[in-house]
Amino acid sequence: MTEGTGLHAGDLPEELTAVEAGMWQAFRNGSVYDLSSGDAVVDDPHGGHPWGPERTVRARVVCWLLLDGPPALAGRVSALKLVGVRIAGPMDLAGGTVTPYVELRGCRFDDEVLLPEARFTTLRLVDCAVPRLEAARVHTEGDLHLPRCRFQNGIRLTDAHIGTDLLLNQAIVYRDRSGRSIAGDGMTVGQDLQAEMLESHGELSLRGAKIGVSLSLRGAKLANPYARLALNAPQLTVERTLYLTPAGVGSPLLSGTTPARGTRIQRFECQGGIRLDDGRFGDAVDLERARFALTDDQELSLRRVHSPELRFLGDRPQRGRVVLSGARIVNLVDRAGAWPDTGRLHMGGFAYESLVPQGPFPLTRRLDWIAAATAEYAPEPYERLAAVLRAAGEDEDAREVLLAKQRRRRETLPPAAKVWGFVQDWTVAYGYRPGRAAVWMAVLWAAGTLAFAHADHPPMNHDGHPYWSPALFTLDLLLPVIDLGQVGEWQLRGGWQWLSAAMILLGWILATTVAAGATRLLRRS
C-alpha cells in the first residue's frame, strides 16, 4: 500500500474499500464507526454468525491509520473508535508508536494482534474476539482495557508497562502452546490490575510483576488441569491488597466495596495450585470465601510472603497443601474451618503478631492447628503462639500453649526422660501451673501428719529433746533444704522408716520439679 500525494491533506487513498473509506473519515472526525446490525445474535463477536465484506476492514489499513493516519478535521481530534467491525489479517503494530486514542468494541479479529514494544496513549478492546494478543514490552501512558474479550490462544504481556490501569474483567482466556493463559512476568501496572470474574484456562503467570495499587481477582475462575499451577506469581509486589474474594454478579461496578446484602455473588475459585512465594503486599492478602480445588501434589504456597494482614477465610481445601513457611504477617485474620487437616499445613518459621479469629476458635482448636502443621515436634510454632497470646494479655492461654509444647516434646524423648517428663507434668505441669505444687505439698503434709501421729518415736537423746510434733516432723521430711530440728531427734523403726524415706524422696522430687519449672519460666522471661 502506498500513500497518495495528498494523503496528509485529507485525500482518501484510492485503494480503500467503501467500508474502509467510512472508517477513514470517522478516524479524521474522531467519531464512532459502528457497523453493528442491531441484532444481538448476529452482532455477537464470539458467536458463529458470519460477518461479510460489508463489516470487514483490512488490518493493514487499521495499522496505517494508527501509525501514519491523516490529520484530524478542523476542530476535531482523530481517534479510532470501531464497533461491530471484522478486522481481516494480522494487526501488526510491533515497535510502532500510536498517538491516537484507540477503542474497539464488539469487534472480531481474524488473526492475532501483534503489539510487542509498541507504545500507546490508551488502548481499549472491549468484548472483542481475538485469537491471540502478543504484547510483550508494550508501553501505555494510560489504560489497557481488555474486559469481556475472548482470547483463544492466550495473552502475552511479559515486561509490559501499563501507565494506569489494566482491566481484564470478565475476559475469557485459553492457554497458548506453552500452557499459559496470561503471561505477565515482569509486568508493571501503575495503578490497579482488575481481573474480576476472569476465566483463565491455563497458567496465569505474574512472576515478578509490580502492581501500583491493588490486584483484584474477585469472582475469578482459574483452572489449569494440565499442570501444577493455575496462578504462578512468585516475587509479586502489590502496593495495597490482593483480592481473591467474591464479586457481585450483575453489578454495574464489579470493583470496590463489598456487594450489598442479597446480591448474588460469584466466589473466587481456583482449580490448580497457587504460588505467591516471596510476595510483598502493602495492605493485605484477602482470601475471604475463596475455594481451592487442589490435587495431592498441588499447593497454596505463601512461602516468605510479607503482608500487614492475611485474611485466611476461604473454604477448607480438601486435598493438597497450604504452605506458610517463612511468611511474615502482622494480623492473621482466620477461622477454624478454613485450615486444612493434619499433614497438609506447613508453617515452619511462620511469624505473625496478632490473631483476629472470625467466629469461634477455642484454644484447643488453635493447638490442633499447630499440631496439624507440625508432623514432627518443633518448638517455634508453640512459642510464637504463646508470645502472641501473652502480648494480647492472655497469660493463662499462653501457659497452656507452652504446656502443650512440653507434652508434645515429651513424645520424642527416650523412656527415662519420658518418665521424668510425666512426673513434672503430674506434679507442677512443667512449672506452668505452680499452684499445683502447693496442692501436692498440702496433700503430702496432711497424709504424713496423720500417719506419724500413730508412730512409735523414741528420742535419740533422752537428756534433752524437742516436743514431738507429727506436723513439724512431716514438714521437715518434705523440705529438703530446710532443717526444722525434728528428723534427727527421733528414732523410727520398721515401716515408719520406709515411710519417712518415701517422704524425703517425694520432697526432693517435688522440689526438683518446682526448680525445673521456675528455671524454665525465668529463662523464658
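Residues numbered from 1 in each chain as written. Predicted model: local features only at pLDDT ≥ 70, side-chain atom pairs only at ≥ 80, totals over all residues. Heavy atoms only, no water.

A. Highlighting helix α5 (residues 379–391). Across its 13 residues, α5 extends 18 Å between first and last C-alpha, which sits within 8% of the 18 Å expected from 1.5 Å per residue. Every buried residue belonging to α5 is among Pro-381, Tyr-382, Leu-385, Ala-386, Val-388 and Leu-389, and all of these are buried. Each buried residue of α5 lies within a common arc of 160° when the element is viewed along its axis, so the set occupies one face. The elements touched by buried residues of α5 are β44 (351–357), α4 (363–373) and α6 (395–410). Taken from the residues just after α5, Gly-393 is the one with a positive phi, measuring 85°. (Helix = DSSP H or I, 4+ residues; strand = E, 2+ residues; numbered from the N terminus. Expected span 1.5 Å × (residues − 1). Buried < 20%, exposed > 50% of the residue type's maximum accessible area, 1.4 Å probe, protein only. Arc of directions from axis to C-beta. Contact = heavy atoms within 4.5 Å.)

B. Quick look at the side chain of Glu-299. Structurally, the position occupied by Glu-299 is in strand β39 (residues 299–301). Polar contacts involving the side chain of Glu-299 include one to the side chain of Arg-303, which spans 2.9 Å. For Glu-299, the side chain forms a polar contact with the side chain of Arg-321, separated by 3.2 Å. (Polar contact = N/O pair within 3.5 Å; in protein donor to acceptor, adjacent residues only side chain to side chain.)

C. Broad picture of unusual backbone geometry. Residue Arg-148 is not a glycine yet carries a positive backbone phi of 60°. Tracing the backbone through its elements, the reader meets Arg-148 in the loop between β15 (144–145) and β16 (150–151). Unusually for a residue other than glycine, Asp-278 sits at a positive phi of about 65°. Residue placement: Asp-278 occurs in the loop between β35 (273–275) and β36 (280–281).

D. Looking closely at the nonpolar core. Core analysis: the largest hydrophobic core is formed by 113 residues, its most contacted members being Leu-80, Leu-104, Leu-115, Leu-198, Phe-268 and Trp-369. Tallying contributions element by element places helix α3 (residues 59–68) first for this core, with 7 residues. Those residues within four positions of Leu-115 in sequence are excluded, and the remaining contacts are Leu-93, Ala-94, Phe-120, Leu-123, Leu-133, Glu-134, Ala-135, Ala-136 and Val-138. Listed in part, the 8 residues of the second largest apolar core include Phe-473, Leu-477, Leu-478 and Leu-492. (Core = buried A, V, L, I, M, F, W, Y, C linked by side-chain atoms within 4.5 Å.)

E. Up close: the pattern of salt bridges. According to the stated counting rule, one finds 31 salt bridges in the structure shown. Note that Asp-315 and Arg-267 form a salt bridge whose closest N and O atoms lie 2.7 Å from each other. With Asp-315 in the loop between β40 (306–312) and β41 (321–323) and Arg-267 in the loop between β33 (265–266) and β34 (269–271), this residue pair connects regions lying 48 residues apart in the sequence. For Asp-315, a relative accessible area of 26% gives the class partly exposed. For Arg-267, a relative accessible area of 18% translates into the label buried. In this structure, the salt-bridge partner of Asp-315 is Arg-335, at a minimum N-O distance of 3.8 Å. Residue Asp-315 is found in the loop between β40 and β41, and its partner Arg-335 is found in the loop between β42 (328–334) and β43 (345–346); the two are separated by 20 residues along the sequence. Residue Arg-335 is classed as partly exposed on the basis of its relative accessible area of 27%. One salt-bridge network, in which partners are shared between bridges, spans Lys-221, Arg-267, Glu-269, Arg-291, Asp-315 and Arg-335. (Salt bridge = Lys/Arg side-chain N within 4 Å of Asp/Glu carboxyl O.)

F. A look at the packing of α4 against α5. Closest axis-to-axis distance for the α4/α5 pair is 10 Å, and the angle between their directions is 145°. Here the hand of the crossing between α4 and α5 comes out right-handed. Side by side, α4 and α5 meet where Leu-363, Arg-366, Leu-367 and Ile-370 of the first sit next to Pro-381, Tyr-382, Leu-385 and Leu-389 of the second. Classifying every residue of the contact of α4 with α5 by side-chain character gives 7 nonpolar, no polar and 1 charged. (Axes fitted to C-alpha atoms, helices over the stretch in contact; angles between N-to-C directions. Left-handed = near helix turned anticlockwise from the far one by under 90°. Nonpolar A, V, L, I, M, F, W, Y, C, P; charged D, E, K, R; others polar.)

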